[in-house]
Amino acid sequence: MTQPDWMRDAAKAARTLQATTAGMAGAGHSVYVILLHNPARRDPWGVYVGQTSRDPDWRFDQHKSGYKASSAARRFGVRLLPELFEHLNPMRQWEALDLEAALADAFRAVGISWVEGGH
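Residues numbered from 1 in each chain as written. Predicted model: local features only at pLDDT ≥ 70, side-chain atom pairs only at ≥ 80, totals over all residues. Heavy atoms only, no water.

Student: Please provide a residue-by-residue account of a negative patch on the surface, values included.
Tutor: On the surface, a cluster of negative charge is made up of Asp-55, Asp-57, Asp-61, Glu-83 and Glu-86. For Asp-55, the position within the fold is in the loop between β2 (45-52) and α2 (56-65). Classification of Asp-55 as partly exposed rests on a relative accessible area of 42%. (Patch = residues over 30% accessible without salt bridge, like charges linked within 9 Å, V, L, I, M, F, W, Y side chains within 5 Å. Areas by Shrake-Rupley, 256 points an atom, 1.4 Å probe, with all protein chains shown as cover. Salt bridge = Lys/Arg side-chain N within 4 Å of Asp/Glu carboxyl O. Lys, Arg positive; Asp, Glu negative; His and termini not counted. Charge placed at Lys NZ, Arg CZ, Asp CG, Glu CD. Helix = DSSP H or I, 4+ residues; strand = E, 2+ residues; numbered from the N terminus. Buried < 20%, exposed > 50% of the residue type's maximum accessible area, 1.4 Å probe, protein only.)

Put into structure tokens, the structure is as follows:
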């Protein structure tokens, strides 16, 4: 399976963001990004952006098993993309919510046409 063409641009966009509450007391939340692949779509590659109080690996496993899962992440999730989010984690809950939306917006801005989550 080849990587999507936009991966380098997505990494640059993600690096423009930072968490101001990283390392502070109460910094127990994380954002995460899941690579999506659906060969039936015209543009088959996309991302799901979420936030969690759990470890992102654990949350990915929950998505894949169907627990509190986005349909796209459960059905089309391939793997986590830690290069797009590890530099941000952990952070306070309010900031995780803000950065979840900011990451999704940044990915759309660099041309990723299929972006799920980020609410």
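Student: Let's hear about helix α1 (residues 7-15): which residues, and what values?
Tutor: Within α1, burial applies to Met-7, Ala-10, Ala-13 and Ala-14. Along the long axis of α1, the arc covered by the buried residues comes to 120°, so they all point the same way. Opposite the buried face of α1, at more than 90 degrees from it, the exposed residues are Arg-8, Lys-12 and Arg-15. Each element contacted by the buried residues of α1 is listed here: β1 (30-37) and α4 (93-109). (Arc of directions from axis to C-beta. Contact = heavy atoms within 4.5 Å.)

Student: How would you sum up the packing of aromatic side chains? Please name residues and give values.
Tutor: Scanning the entire structure with this criterion turns up two aromatic pairs. Look at Tyr-32 and Tyr-48: their rings are 6.2 Å apart centre to centre, the planes differ by 35°, and that puts the pair in the tilted class. One end of the pair, Tyr-32, is in strand β1; the other, Tyr-48, is in strand β2, and 16 residues separate them in sequence. A relative accessible area of 1% places Tyr-32 in the buried class. (Phe/Tyr/Trp six-rings, centres within 6.5 Å; stacked < 30°, edge-to-face > 60°.)

Honestly, that's just the spatial picture; any functional story needs more than this.
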